[in-house]
Structures are given as structure tokens and as C-alpha cells.
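Secondary and tertiary structure notes
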Amino acid sequence: MIEEIKGGVRLHLFIQPKSSKNQIIGDHNGELKIKVSAPPVDGEANAELIKYLAKLFKVAKRNISLVKGDTGRHKVVEITGISKGEAEKLISSAL
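What comes next is a walk through the structure. (Residues numbered from 1 in each chain as written. Predicted model: local features only at pLDDT ≥ 70, side-chain atom pairs only at ≥ 80, totals over all residues. Heavy atoms only, no water.)

**Things to note about the nonpolar core**
Among the nonpolar cores identified, the biggest contains 25 residues, and Leu-13, Ile-34, Phe-57 and Ile-79 are the most heavily contacted of them. Sorting the residues of this core by element identifies strand E2 (8-16), strand E4 (31-35), helix H1 (44-57), strand E6 (74-80) and helix H2 (84-94) as the ones contributing at least two each. Looking at which element gives the most residues to this core, the answer is H1, with eight residues. Once residues lying within four places of it in the same chain are set aside, the contact partners of Phe-57 are Leu-11, Ile-79, Ile-82, Ala-87, Leu-90 and Ile-91. (Core = buried A, V, L, I, M, F, W, Y, C linked by side-chain atoms within 4.5 Å. Buried < 20%, exposed > 50% of the residue type's maximum accessible area, 1.4 Å probe, protein only. Helix = DSSP H or I, 4+ residues; strand = E, 2+ residues; numbered from the N terminus. Contact = heavy atoms within 4.5 Å.)

Put into C-alpha cells, the structure is as follows:
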């Protein structure tokens, strides 16, 4: 779910688009399940996910990169400027 990488963390995510609100749900088969309100059209859900993660982890959007899963529900995201411990703490407080 959360891996430590040089300068940040890597998150393995399962995304559910077109939700009523953006929220973290919890563990989903070894991935972190996140609901986003945007539809999966023209990258809107990905943009909404990055915006939500930037707010959650208190980092700039430029510090978040979508590494894998541009068009699917299973995504890998890297976030720089945050430690694994900080990320775990912020995720658990959002649950």
C-alpha cells in the first residue's frame, strides 16, 4: 500500500470515480481505496485524485506524479517531500 522511496513515498491505489465526495475508504486487496467525485473522462478523475492527495498530504501538486494506471482504476502514485511515517499518520487520520 505505502512504500518508502528516495525523497518520498509510493502509494498503490484503487480508485472509485463518480463518488459523492472525495474520501479515503481504507484497504482494498492490498491497495488503498480512494473515492473521487470526478468522472473517469478525459483525465478528470486523475486530476481530482492529484488535487485531493496534495491537500491530504499538504504538498504541492507538482510533488505528485502518476507512475502507473493512467486509464485504469489501479494506480501507482509517487509523492515527494513526505516521509512514510507522515503519510501513514495522515491517511489514518483521514479514515
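**Digging into unusual backbone geometry**
Phi is positive for Lys-18, close to 60 degrees, though the residue is something other than glycine. Relative to the assigned elements, Lys-18 resides in the loop between E2 and strand E3 (23-28).

**A look at the environment of Gly-43**
Among the secondary structure elements, Gly-43 is positioned in the loop between E4 and H1. Taking the relative accessible area as the measure of exposure, Gly-43 reaches 38% and is therefore partly exposed. Residues Gly-43 and Asp-70, spaced 27 residues apart in sequence, show a C-alpha to C-alpha distance of 7.9 Å.

**Quick notes on the environment of Pro-17**
For Pro-17, the position within the fold is in the loop between E2 and E3. A relative accessible area of 15% places Pro-17 in the buried class. Setting aside anything within four residues of it in sequence, one finds Pro-17 in contact with Val-36, Ala-38, Pro-39, Pro-40, Ala-45 and Arg-73.

**Describing the side chain of Glu-48**
Within the secondary structure, Glu-48 is located in helix H1. No salt bridge forms around the buried Glu-48; measuring N to O, its nearest opposite-charge neighbour Lys-51 is 4.6 Å away. Apart from the residues lying within four places of it in its own chain, the contact partners of Glu-48 are Asn-22, Val-36, Ser-37 and Ala-38. (Lys, Arg positive; Asp, Glu negative; His and termini not counted. Salt bridge = Lys/Arg side-chain N within 4 Å of Asp/Glu carboxyl O.)

**Digging into the side chain of Glu-31**
For Glu-31, the position within the fold is in strand E4. Here Glu-31 sits buried without a salt bridge, and the closest side chain of opposite charge, Lys-68, lies 8.2 Å off (N-O distance). Those residues in contact with Glu-31, other than ones at most four positions away along the chain, are Met-1, His-12, Leu-13, Phe-14, Gly-26 and His-74.

**Topic: the pairing of strand E1 (residues 2-5)**
The pairing of E1 with E2 spans four bridges and is antiparallel. Among the inter-strand pairings, Glu-4 is bridged to a residue of E2, identified as Val-9. Counting the residues that bridge the hairpin from E1 to E2 gives two residues, and of these Gly-7 lies at a positive phi of roughly 85 degrees. (Pairing = 2+ DSSP bridges.)

**A word on the pattern of salt bridges**
Applying the stated criterion across every chain yields a total of two salt bridges. Connected through salt bridges with shared partners, the residues Glu-3, Arg-10 and Glu-78 form a single ionic network.

Shape descriptors only; they carry no functional weight alone.
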